[in-house]
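Residues per chain are reported as follows:
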Amino acid sequence: MTADDSPLTRASLLVQIRDGENHSAWQEFMKLYGPVVYGYARKRGLQDADAADLMQEVMRSVSSAIGRWEYDRNQGSFRGWLFTITRNKVFNFLSARRIRPQGSGDTTTNQLLAAQPDTVDGADFWEIEYQRQLAALAMERVKGEFQATTWQAFWLTAVDGIGAAEAAQQVGISPGAIYVAKSRVLARLKEEVESMRRQEEV
């Protein structure tokens, strides 16, 4: 797959989702941004079902507005635009539930308010969720490039946090081979994430 064919090519994907009937483009869009919106909503204190509903609401807003959205580097990125939509939806949701500062002031409300970070942290949450999703997609993409034992060695040590000696026993290779496998996968993941970030120019 070339970079231009990549489903993560932002410009082409954003053009494609202007067609509401392009289901494959929308699936790709949802695969990347759905978890980011959902994760952000959860971090802002929404329950699972509410976060899922909000994610759908954000996608409906994108669907109705994407035809009017024009990329202008001076105006900011698409991701920034999506963040603004999501942040506003969350704000409206929280306001409607009376858990903003104008809430009732009872104990439950105060607990919910205390759990709400300020807007700066909200941007941080958004970025963390986005980077997490990029990493997950990168792992999904590169996993097939490695032998099962190499991937298992990486997963046990880099994701599960198991020491090289224990991982070596589980995988059946030497600790040295575990380090080499982990290093190879991490290098490839870094390369893939950087490639996706370069496509994030819109």
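The structure contained in this document is the topic of the report that follows. Everything numeric here is computed off the predicted structure, so don't read it as measured data. (Residues numbered from 1 in each chain as written. Predicted model: local features only at pLDDT ≥ 70, side-chain atom pairs only at ≥ 80, totals over all residues. Heavy atoms only, no water.)

**A short note on helix α9 (residues 175-198)**
Counted at 1.5 Å a residue, the expected span for α9 with its 24 residues is 34 Å, and the 35 Å between its end C-alpha atoms agrees. If you check which residues of α9 are buried, you get Ile 178, Ala 181, Val 185, Arg 188, Leu 189, Glu 192, Val 193 and Met 196. (Helix = DSSP H or I, 4+ residues; strand = E, 2+ residues; numbered from the N terminus. Expected span 1.5 Å × (residues − 1). Buried < 20%, exposed > 50% of the residue type's maximum accessible area, 1.4 Å probe, protein only.)

**Here's the deal with the nonpolar core**
Ile 17, Phe 29, Tyr 33, Leu 46, Leu 54, Val 62 and Phe 78 are the most contacted members of the largest nonpolar core, which has 41 residues in total. Looking at this core, the elements that each hand over two or more residues are α1 (10-16), α2 (23-43), α3 (48-65), α4 (78-96), α6 (119-142), α7 (148-159) and α9. With 9 residues, α2 is the single largest residue contributor to this core. What Leu 46 contacts, discounting residues up to four positions off in sequence, is Ala 41, Ala 51, Leu 54, Val 90, Phe 93 and Leu 94. (Core = buried A, V, L, I, M, F, W, Y, C linked by side-chain atoms within 4.5 Å. Contact = heavy atoms within 4.5 Å.)

**Thoughts on the pattern of salt bridges**
Tallying each qualifying case throughout the model produces 9 salt bridges. Put simply, Glu 129 and Lys 43 hold a salt bridge, and the shortest N to O gap is 3.0 Å. Placement of the pair is Glu 129 in helix α6 and Lys 43 in helix α2, with a sequence separation of 86 residues. Its relative accessible area of 7% is what places Glu 129 among the buried residues. With a closest N to O distance of 2.6 Å, Glu 127 and Arg 79 form a salt bridge. Of this pair, Glu 127 sits in helix α6 while Arg 79 sits in helix α4, placing them 48 residues apart in sequence. (Salt bridge = Lys/Arg side-chain N within 4 Å of Asp/Glu carboxyl O.)

**Describing the packing of aromatic side chains**
Enumeration over the complete set of coordinates arrives at 13 aromatic pairs. Their ring planes at 75 degrees and their centres at 6.4 Å tell us that Phe 154 and Trp 155 sit as a pair that is edge-to-face. Grouped by ring-pair contacts, the aromatic residues Trp 26, Phe 29, Tyr 33, Phe 78, Trp 81 and Tyr 130 constitute a single cluster. Sitting above the plane of the Tyr 130 ring, Arg 79 keeps its charged end 3.9 Å from the centroid. (Phe/Tyr/Trp six-rings, centres within 6.5 Å; stacked < 30°, edge-to-face > 60°. Lys NZ or Arg CZ within 6 Å of the ring centre and 35° of its normal.)

**As for the environment of Gln 131**
Position of Gln 131 relative to the elements: it lies in helix α6. When the C-alpha positions of Gln 131 and Val 193 are compared, they lie 8.9 Å apart, and in sequence the two are 62 residues distant. Engagement of the side chain of Gln 131 in a polar contact is seen with the side chain of Glu 127, the distance being 2.5 Å. (Polar contact = N/O pair within 3.5 Å; in protein donor to acceptor, adjacent residues only side chain to side chain.)

**Considerations on the packing of α3 against α4**
Running from N to C, α3 and α4 cross one another at 135 degrees; their axes reach a closest spacing of 10 Å. By the criterion of interaxial angle, the relationship of α3 to α4 is oblique. Here the hand of the crossing between α3 and α4 comes out right-handed. In this structure, α3 uses Asp 50, Leu 54, Glu 57, Val 58, Ser 61, Val 62 and Ala 65 to contact α4, whose residues at the interface are Trp 81, Leu 82, Ile 85, Thr 86, Lys 89, Val 90 and Phe 93. Looking at the contact of α3 with α4 residue by residue, the classes come out as 9 nonpolar, 2 polar and 3 charged. (Axes fitted to C-alpha atoms, helices over the stretch in contact; angles between N-to-C directions. Parallel < 35°, antiparallel > 145°, perpendicular 65-115°, else oblique. Left-handed = near helix turned anticlockwise from the far one by under 90°. Nonpolar A, V, L, I, M, F, W, Y, C, P; charged D, E, K, R; others polar.)

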